[in-house]
Amino acid sequence: MSANDLPHARGSARTGDTPATGRQTETYDSAFLRACRREPVPHTPVWFMRQAGRSLPEYLKVREGIGMLDSCMRPELVTEITLQPVRRHKVDAAIYFSDIVVPLKAIGIDLDIKPGVGPVVAEPIRTREDLRRLRDLTPDDVHYVTEAIGMLTRELGPTPLIGFAGAPYTLASYLVEGGPSRNHENTKALMYGDPELWADLLDRLAGITAAFLKVQIEAGASAVQLFDSWVGSLAPADYRRSVMPASVKVFDAVAPYGVPRIHFGVGTGELLGLMGEAGADVVGVDWRVPMDEAARRVGPGKALQGNLDPAVLFSTPEAVRAKTGEVLDAAAGLEGHIFNLGHGVLPTTDPDALTRLVADVHERTAR
Ligand SMILES: Cc1c2[nH]c(c1CCC(=O)O)Cc1[nH]c(c(CCC(=O)O)c1C)Cc1[nH]c(c(CCC(=O)O)c1C)Cc1[nH]c(c(C)c1CCC(=O)O)C2
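Rules behind the numbers
- Residues numbered from 1 in each chain as written.
- Predicted model: local features only at pLDDT ≥ 70, side-chain atom pairs only at ≥ 80, totals over all residues.
- Heavy atoms only, no water.
- Axes fitted to C-alpha atoms, helices over the stretch in contact; angles between N-to-C directions.
- Helix = DSSP H or I, 4+ residues; strand = E, 2+ residues; numbered from the N terminus.
- Parallel < 35°, antiparallel > 145°, perpendicular 65-115°, else oblique.
- Contact = heavy atoms within 4.5 Å.
- Nonpolar A, V, L, I, M, F, W, Y, C, P; charged D, E, K, R; others polar.
- Patch = residues over 30% accessible without salt bridge, like charges linked within 9 Å, V, L, I, M, F, W, Y side chains within 5 Å.
- Areas by Shrake-Rupley, 256 points an atom, 1.4 Å probe, with all protein chains shown as cover.
- Salt bridge = Lys/Arg side-chain N within 4 Å of Asp/Glu carboxyl O.
- Lys, Arg positive; Asp, Glu negative; His and termini not counted.
- Charge placed at Lys NZ, Arg CZ, Asp CG, Glu CD.
- Expected span 1.5 Å × (residues − 1).
- Buried < 20%, exposed > 50% of the residue type's maximum accessible area, 1.4 Å probe, protein only.
- Polar contact = N/O pair within 3.5 Å; in protein donor to acceptor, adjacent residues only side chain to side chain.
- Near = heavy atom within 4 Å.
- Pairing = 2+ DSSP bridges.
- Core = buried A, V, L, I, M, F, W, Y, C linked by side-chain atoms within 4.5 Å.

1. A look at the packing of helix α10 (residues 168-177) against helix α11 (residues 185-193)
Put simply, α10 and α11 touch, their axes get as near as 8 Å, and they point 110° apart. By the angle between their directions, the pair α10 and α11 is classed as roughly perpendicular. Of the residues in α11, those touching α10 at Tyr 169, Ala 172, Ser 173, Val 176 and Glu 177 are Glu 185, Asn 186, Thr 187, Lys 188, Leu 190 and Met 191. Grouping the amino acids of the contact of α10 with α11 by side-chain chemistry returns five nonpolar, three polar and three charged.

Set out below in structure tokens:
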């Protein structure tokens, strides 16, 4: 099946095998999408994980008095917040403003995002009985996503929009622990102690995640990123056996659309090869592994994204420039490089440091 056989126009036309005309061609030819496809680029594209959010005063202003999950369900607000970092920093791609737990909330899981803490689940999922609460996600459950992406792609012009979702392991870690966790002990207890229930849990989550990504692509997202933020807590053998099949299911489900698929996790130096193998076109790298070494671990045929330590932005402009140069030098031999931080923008980052960083990367890589 090719992307053109699918029953939608915008997603595939904007990004798939054959671009149509005008703005769609411009998006298809953007530095970001070209780098994802490992084609020559006019400059190294830049975007930042968590580029929308608390580092921006204009974000704090529009979010005032509105809960995080509430804000994700308001298309106008989502559109405004998603556009803010594009306007301010001139990044090469927008990332849809939402959260990895939005699809879980949408199917009726009782959870909230607590400021300064993260997602908290009222009743953790730990038994076969609990699993029944994870029903399938339909596009109707997240109609506000379709609406917001429709608005956004009109406003963005040629700038590509990245859709995203949480990967099955990272979502499972919140559901099983009931909230953020340092050691993931309940999650691992289930994974090792009841492999069958664990596999069923991850398979359910893969279905939900795939459905959520499809909604975003059909509405017009030009690429998708699967965040497996906490999977770096696993050894490669456990990843391969207990997690990878579910992530493969997600990537396979969206493959026919032909949009680039990015796969990212934190502390995943030992997993980079497997994370590429799971079906990614682009592998995200945190700051612990230099880009040239990451390329060796991932192997040929994939673009890489990364990997400036987000904490570097708290240093002097000269130090930021020097560390940026190190990333660019290490990535110089890659076929496709998308410049990003090694994890999300920290909330107290000076936004001007981010604006300078985008300009610096563009200037130093202009061809
Ligand atoms: C693990 C994870 C979550 N959410 C997400 C991940 C994967 C990315 C990663 O590893 O950082 C993904 C996410 N969450 C959010 C985005 C926005 C898009 C963007 O990158 O600009 C993205 C991509 C908004 C958000 N998601 C959240 C905020 C902060 C809430 C607020 O502004 O009120 C934002 C802007 C809340 C959230 N949600 C989550 C956490 C850990 C937190 C932080 C809690 C806190 O420190 O307050 C779960």
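2. Observations concerning a negative patch on the surface
Taken together, the side chains of Asp 70, Asp 110, Asp 112 and Glu 123 make up a negatively charged region of the molecular surface. On the secondary structure map, Asp 110 appears in the loop between α7 (102-106) and β2 (111-114).

3. Focus on helix α18 (residues 351-365)
Taking 1.5 Å per residue as the helical rise, α18 with its 15 residues ought to reach 21 Å, and the 22 Å between its terminal C-alpha atoms agrees with that figure. Taken residue by residue, α18 has Pro 351, Ala 353, Leu 354, Leu 357, Val 358, Asp 360, Val 361, His 362 and Thr 365 as its buried positions. In the core, the buried residues of α18 are packed alongside α4 (57-63), α6 (75-89), β8 (303-308), α17 (317-331) and β9 (337-341). Measuring from the backbone nitrogen of Asp 352 back to the side-chain oxygen at the start of α18 gives 2.9 Å, which picks out Asp 350 as the cap.

4. Quick look at the site of the ligand
Every one of the 26 residues lining the ligand counts as a neighbour, but Arg 50, Tyr 59, Gly 116, Ser 229 and His 343 are closest to it. Residue Gly 116 places a main-chain N or O atom 2.7 Å away from an oxygen atom belonging to the ligand. One of the side-chain N or O atoms of Ser 229 is found 2.4 Å from an oxygen atom in the ligand. For the shell around the ligand, the secondary structure elements donating two or more residues are α4 and β3 (118-121). Residues belonging to the shell around the ligand are distributed by class as follows: 16 nonpolar, six polar and four charged.

5. Notes on the sheet that holds strand β4 (residues 161-166)
Pairing is parallel in the open sheet, where seven strands are placed in the order β1-β4-β5-β6-β7-β8-β9. Each edge of the open sheet carries a strand with a single partner, namely β1 (94-95) and β9. Sheet topology places β4 next to strand β5 (residues 223-227); five bridges connect them, and they run parallel. Bridged to Gly 163 within β5 is Val 224. Packing against the sheet, α17 makes contact with β8 and β9, and its axis sits at approximately 150° to β9.

6. Remarks on the nonpolar core
Counting 126 residues, the largest nonpolar core has Phe 32, Leu 134 and Leu 201 as the members making the most contacts within it. Sorting elements by how many residues they give to this core places helix α12 (residues 195-219) first, with 13 residues. Not counting residues within four places of it along the chain, the set of residues in contact with Leu 134 comprises Leu 104, Ile 107, Ile 109, Ile 125, Leu 175, Leu 201, Arg 204, Leu 205 and Ile 208.

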